[in-house]
Amino acid sequence: MLTNEQLIQIRRDLHQIPELALEEKQTQKYLLQVIHQFRQDYLECKTVPELPTAILVRVKGSNPTKTIGYRADIDGLPVTEKTGLPFSSKHDGQMHACGHDIHMTVALGVLNYFSEHQPKDNLLFFFQPAEESKNGGKLAYEQGVFTGEWRPDEFFALHVTPDLPTGTIGCRNGTLFAGAAEVNIDLYGQDGHAAYPQRANDMVVAAAALIEQVQTVISRSIDPIAGGVITIGKIQAGTIRNAIAGHARLEGTIRGLTQTMIERIEQRLREVTAGIGQSFQAKVKLEINQGGYWPVENDPEITAQLITYLKNDSAVNYQETEPAMTGEDFGYLLAKIPGSMFWLGVQDDSQLHSATFSPQEEAIKVGIDAIVGFFKQHM
């Protein structure tokens, strides 16, 4: 069995080699080296041409009735690390600022346990690339990675959070993470001289009206108890102070707690932009791209079993959590395969995606022990 010291070293090794979406070749090589050191009696490990940096490991059960899946994301972020740690990133401009190094280490610890203690049911470990961008979960599913004996009947995953005390596990039934969609809006009118507005069609004015109208989508079209978000985070228009802009581009994001809510927000956004186009005699191009970032909606029955276990485990400090408006592509997999996701507390003053994010490594063993214990009971 891996010792706590070995687990921490694995995490630190992984922390030094973050790689961006679909470029995780060094990370994959390291993971395979560790996995191949485990007892291989019950293991079958493979990579897949459809998603070259992914890894699938199947643990053969002694008397299987189902296959339980566990996913760990492996990519980093385009962030320049500023932690000052002796094991800081060696890759300029790239960092494990979202805790995926912890995610991988926990998964390896669970896999290591079951490589030496054959489970009753089959286990499938999915080391997934491209969670932070490029929809790795959706890519895997759509490209047929989960077929035949490689398809789990249930799927589980965790995500670290600096907002919970180290080792605390948080979960809830229903939505854990919101779904997210990218929004791009282009408005086309007619440019001209600032002194002759009647000869032009000002897209700065149209964009201002659109931004104001967009704010009513949430406040007047969405149940206030349910909640949702539209943020226009970027606007580009014009080149000089005394010229009227004939083009404006707005970029933003939609967040919603259910897929139905996101679709309702998208519908209202289409209606509002069409109305602005008509009002200002502008040509409007609206692009909405959700990709694989669907809401993480935990399965009621499976999650109830998980929560009951966590509450009854004396080694676990369990806390029910509120939904988070952050996105996670595990939601796409949960829309196809029932399962559950939960938080692992790694208390830190810095937030996820911060250049100074430094999770507490003591949480690693807590996560491993909780998952191993639940899987043993759940089989």
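Structural notes, computed from the coordinates. Note that the structure is predicted; figures quoted are calculated from it, not measured.

Cut-offs used in this document
Residues numbered from 1 in each chain as written. Predicted model: local features only at pLDDT ≥ 70, side-chain atom pairs only at ≥ 80, totals over all residues. Heavy atoms only, no water. Axes fitted to C-alpha atoms, helices over the stretch in contact; angles between N-to-C directions. Helix = DSSP H or I, 4+ residues; strand = E, 2+ residues; numbered from the N terminus. Left-handed = near helix turned anticlockwise from the far one by under 90°. Contact = heavy atoms within 4.5 Å. Nonpolar A, V, L, I, M, F, W, Y, C, P; charged D, E, K, R; others polar. Pairing = 2+ DSSP bridges. Salt bridge = Lys/Arg side-chain N within 4 Å of Asp/Glu carboxyl O. Buried < 20%, exposed > 50% of the residue type's maximum accessible area, 1.4 Å probe, protein only. Parallel < 35°, antiparallel > 145°, perpendicular 65-115°, else oblique. Core = buried A, V, L, I, M, F, W, Y, C linked by side-chain atoms within 4.5 Å.

Take the packing of helix α5 (residues 203–221) against helix α6 (residues 259–279) next. Orientation of α5 relative to α6, taken along the N-to-C sense of each, is 150°, at an axis distance of 10 Å. The crossing of α5 and α6 is right-handed. Mapping the contact onto sequence places Ala-206, Ala-209, Leu-210, Gln-213, Val-214, Val-217, Ile-218 and Ser-221 in α5 and Arg-264, Ile-265, Arg-268, Leu-269, Val-272, Thr-273 and Ile-276 in α6. Residues belonging to the contact of α5 with α6 are distributed by class as follows: ten nonpolar, three polar and two charged.

Turning next to the sheet that holds strand β13 (residues 283–289). Spatially, the four strands line up as an open sheet ordered β10-β12-β8-β13, and their pairing is antiparallel. The sheet is open, and its two borders are formed by β10 (228–237) and β13, each paired with just one other strand. Looking at each pair of strands side by side, their axes are set apart by 15° on average, direction ignored. With respect to the sheet, α5 is in contact with β8 (179–188), β10 and β12 (247–256), its orientation differing from that of β10 by roughly 170°. Running over the sheet, α6 touches β8, β10, β12 and β13 and is turned about 170° from β13.

Our next topic: the pattern of salt bridges. A complete count under the given rule lists 17 salt bridges for this structure. A salt bridge links Arg-11 to Asp-101, with the nearest nitrogen and oxygen atoms 2.9 Å apart. With Arg-11 in helix α1 (residues 4–15) and Asp-101 in helix α3 (residues 100–116), this pair connects stretches of sequence that are 90 residues apart. The residues Arg-11 and Asp-101 share a single accessibility class, namely buried. Linking Glu-142 and Lys-138 is a salt bridge whose minimum nitrogen-to-oxygen distance equals 3.9 Å. You can see Glu-142 and its partner Lys-138 sitting in helix α4 (residues 136–142), four residues apart, about one turn around the helix. Since its relative accessible area comes to 22%, Lys-138 is described here as partly exposed. Here the salt bridges do not stand alone but share partners, grouping Arg-11, Arg-12, Asp-101 and Glu-361 into one network.

The next point concerns the packing of helix α2 (residues 25–36) against α3. α3 packs onto α2 with a crossing angle of 20° between their chain directions and a minimal axis gap of 11 Å. On the basis of their axis angle, the class for α2 and α3 is roughly parallel. The way α2 lies across α3 gives a crossing that is right-handed. Seen from α2, the contacting residues are Thr-27, Leu-31, Val-34 and Ile-35; seen from α3, they are Met-104, Leu-108 and Leu-111. Here the residues of the contact of α2 with α3 sort into six nonpolar, one polar and no charged.

With that out of the way, let us pick up the nonpolar core. Counting 55 residues, the largest nonpolar core has Tyr-70, Val-106, Val-110, Phe-125, Phe-127 and Phe-375 as the members making the most contacts within it. With nine residues, the top contributor of residues to this core is α3. The contact partners of Phe-375, leaving out residues within four places of it in the chain, are Ile-68, Tyr-70, Val-110, Phe-114, Leu-123 and Phe-156. Counting residues in each nonpolar core, the second largest holds 26 residues, with Ala-178, Val-214, Val-217 and Ile-222 among its members.

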